[in-house]
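# Structural overview
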Amino acid sequence: MNSILVTRSSMPDYEEYCEEIKDLWDSHWLTNMGVKHQQLQKELEELLDVPHVILYTNGHLALENVIAALDLPKDGEVITTPFTFASTTHAIVRNGLKPVFCDIDPISFTMDPAKIESLITDKTCAIVPVHVYGNICDVDGIRQIADRHNLKVIYDAAHAFGVKYKGISAACFGDASMFSFHATKVFNTIEGGAVCFHDDSFVRTLNALKNFGINGPDEVEYAGGNAKMSEFQAAMGICNLRHLDDAIECRKKAVERYRSHLEGVAGIQLNPIQKGVTSNYAYFPAVFDETVFGATRNEVMDALAQNGIGARKYFYPLTSTFACFNNAYDASETPIALNISRRVLTLPLYEELSTDDVDRICKVILDCKK
Ligand code: T4K
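A short tour of the structure in this document, coming up. (Residues numbered from 1 in each chain as written. Predicted model: local features only at pLDDT ≥ 70, side-chain atom pairs only at ≥ 80, totals over all residues. Heavy atoms only, no water.)

### Things to note about the side chain of Glu64
Tracing the chain through its elements places Glu64 in helix 3 (residues 59-69). Overall, Glu64 belongs to the buried group, its relative accessible area being 12%. Polar side-chain contacts of Glu64 include one of 2.6 Å to the side chain of His60. Setting aside its immediate chain neighbours within four residues, Glu64 contacts Ala91, Arg94 and Asn95. (Helix = DSSP H or I, 4+ residues; strand = E, 2+ residues; numbered from the N terminus. Buried < 20%, exposed > 50% of the residue type's maximum accessible area, 1.4 Å probe, protein only. Polar contact = N/O pair within 3.5 Å; in protein donor to acceptor, adjacent residues only side chain to side chain. Contact = heavy atoms within 4.5 Å.)

Structure follows, in structure tokens:
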């Protein structure tokens, strides 16, 4: 039986990619904001309906750079979620800022705005929420709090490429949003990422920060690093964009099949379809309640593994409990995030996952039920 991993990169036909990179052999221009980079940037600005897209070599450096671009006070506190990939918290910490962890909503698993205000101190300078699994945060609630307290909002939208809320692109919320174009994402440039925003004054800073702080032939304005997207990455993006709608449609079919098997099963919690949201079907998390389902998340994961199916514990453990933080944070202060992280399993989902594959995965899961 073929093995199924948690995801599998979408790729264009080999010939299509070769055709796209052919001119690079003529120009010998391989990186540093070449023609492919410029083309992809323009296409994304149109698709995401946002005035500025700055491309990066990965999503993490995009997030690190946009936080740096805000020039926040060095002992500043940033309210964020611990229910995320390591990158979100690390981007805050690596900017010399202190993450303050806010609990999540038990339905969407995104930051719960009702819990934000009690965490605000005179050092709070920004909020970094995550549209986790592509679920859109309560952007209206977060904006109201940010406005009231004069806080910056940077969305980690790594999972939300192509998602819309009330017809508005996920690229348009907060002061800026970061997307990941990693190989495992709905849209990939092999490795890659972007920062999207409206404020023209950000353009100069972000372009400089990803290129050693260089702002002109004789001008180095910042001690920036190197986070430029190469021409080969951009070419992959240009190809993959042509097939994005088809890829999302295939994912949608798989998600609908999952829901037909798992929705309403006692002891399994799924994220409901969000009202007003056009989904990208990025991830399919399922939360197991052992007391009702009769098997733990880990038992289900083991059963899947024995059948050649690689589900993943995205996102366990909480980032606030990582060894690198030396017990600086108390996970019991975010009890919902802690509880969900111990019980969540992200099931395989990708463009080529067939409905037969989904049937096979769900059979193994349902066979675990006691
Ligand atoms: N913020 C959030 C909320 C994020 O989730 C992420 C990344 C970021 C920020 C940072 O963005 P980037 O800097 O990555 O652009 C993966 C990804 O590496 C990571 O991008 C992603 N989130 C995270 C959720 O998942 P791993 O360590 O679980 O990946 P790995 O290598 O185990 O791959 C998972 C599966 O994907 C494999 O079993 C098979 C498949 N795969 C993997 C690779 C590398 C492919 O089909 N092709 C591939 O090239 O972290």
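### Overview of the pattern of salt bridges
One pass over the structure, following the stated rule, counts 19 salt bridges. Across the pair Lys123 and Asp75 runs a salt bridge whose closest N-O atoms are separated by 3.8 Å. Of this pair, Lys123 sits in the loop between strand 3 (98-101) and strand 4 (124-128) while Asp75 is found in the loop between helix 3 and strand 2 (77-80), placing the two residues 48 residues apart along the sequence. Taking relative accessible area as the criterion, Lys123 reaches 39% and is therefore assigned partly exposed. Taking the shortest distance from any N to any O, the salt bridge between Glu219 and Arg204 comes out at 3.2 Å. Remark: Arg204 occurs in helix 6 (residues 201-209) and Glu219 occurs in strand 11 (residues 219-220); sequence separation between them is 15 residues. Its relative accessible area of 34% is what places Glu219 among the partly exposed residues. (Salt bridge = Lys/Arg side-chain N within 4 Å of Asp/Glu carboxyl O.)

### A few points about the packing of aromatic side chains
Centre-to-centre distance and the angle between the planes together describe a pair of aromatic rings. One pass over the structure, following the stated rule, counts 21 aromatic pairs. For the ring pair Phe83 and Tyr133, a centre distance of 6.0 Å and an interplane angle of 75° mean the geometry is edge-to-face. Taken together, the residues span a long stretch of sequence, with Phe83 in the loop between strand 2 and helix 4 (86-93) and Tyr133 in the loop between strand 4 and helix 5 (139-149) at a distance of 50 residues. In terms of burial, Phe83 and Tyr133 fall into one category: buried. For the pair Phe109 and Tyr133, a centre-to-centre distance of 6.3 Å together with 75° between the ring planes defines the contact as edge-to-face. Residue Phe109 is found in the loop between strand 3 and strand 4, and its partner Tyr133 is found in the loop between strand 4 and helix 5; the two are separated by 24 residues along the sequence. As far as the burial class goes, Phe109 and Tyr133 line up, both buried. In this structure, Lys210 packs its charged tip against the face of Tyr56, placed 5.7 Å from the ring centre. If you follow Arg297 out to its NZ or CZ, it ends over the ring of Tyr316, 4.9 Å from the centre. (Phe/Tyr/Trp six-rings, centres within 6.5 Å; stacked < 30°, edge-to-face > 60°. Lys NZ or Arg CZ within 6 Å of the ring centre and 35° of its normal.)

### Focus: the site of the ligand
The immediate surroundings of the ligand are formed by 27 residues, with Asp156, His159, Ser180, Arg312 and Tyr314 found nearest. Note that an oxygen atom of the ligand is positioned 2.8 Å from one of the backbone N or O atoms of His60. Tyr314 is positioned such that a nitrogen or oxygen atom in its side chain is 2.5 Å from an oxygen atom of the ligand. Protein coverage of the free-state accessible area of the ligand, which is 920 Å², stands at 75%. Residue assignment for the shell around the ligand shows that the elements contributing at least two residues are helix 3, helix 4 and strand 8 (176-180). Tallied by class, residues from the shell around the ligand come to 10 nonpolar, 13 polar and four charged. (Near = heavy atom within 4 Å. Areas by Shrake-Rupley, 256 points an atom, 1.4 Å probe, with all protein chains shown as cover. Nonpolar A, V, L, I, M, F, W, Y, C, P; charged D, E, K, R; others polar.)

### Describing the sheet that holds strand 14 (residues 284-288)
With respect to topology, three strands assemble into an open sheet ordered 12-14-15, the strand pairing being antiparallel. Of all strands in the sheet, those bounded by a partner on one side alone are strand 12 (268-270) and strand 15 (344-347). When strand polarity is set aside, the average angle formed by the axes of neighbouring strands in this sheet is 30°. In terms of strand pairing, strand 12 meets strand 14 through three bridges, oriented antiparallel. Bridging from a neighbouring strand, Leu270 pairs with Ala286 of strand 14. Sheet strands touched by helix 8 (residues 244-262): strand 12, strand 14 and strand 15. Its angle to strand 14, the strand with the most contacts, is close to 20°. Against the sheet, helix 11 (residues 335-343) contacts strand 12, strand 14 and strand 15, and its axis sits at roughly 50° relative to strand 15. (Pairing = 2+ DSSP bridges. Axes fitted to C-alpha atoms, helices over the stretch in contact; angles between N-to-C directions.)

### Considerations on the packing of helix 3 against helix 6
Helix-helix packing is described using two parameters, namely the angle between the two axes and the distance between the axes. Contact pair helix 3 / helix 6: the axes reach a minimum separation of 10 Å and the direction vectors enclose 130°. Classified by the angle their axes make, helix 3 and helix 6 are oblique. Crossing hand, helix 3 versus helix 6: right-handed. Facing helix 3, whose interface residues are Asn65, Val66, Ala68 and Ala69, helix 6 presents Phe202, Thr205, Leu206 and Leu209. (Parallel < 35°, antiparallel > 145°, perpendicular 65-115°, else oblique. Left-handed = near helix turned anticlockwise from the far one by under 90°.)

### Comments concerning the nonpolar core
Membership of the largest hydrophobic core comes to 62 residues, with the highest contact counts inside it found for Leu40, Leu44, Phe83, Ile116, Phe161, Phe179 and Phe181. The greatest single-element share of this core, amounting to four residues, is contributed by helix 5. Here Phe179 is in contact with Leu48, Gly59, Ala157, Ala158, Ala160, Phe161, Ala170, Ala171, Gly192, Gly193, Ala194 and Cys196, once residues within four sequence places are set aside. Counting residues in each nonpolar core, the second largest holds 29 residues, with Leu262, Val265, Leu270 and Ala303 among its members. (Core = buried A, V, L, I, M, F, W, Y, C linked by side-chain atoms within 4.5 Å.)

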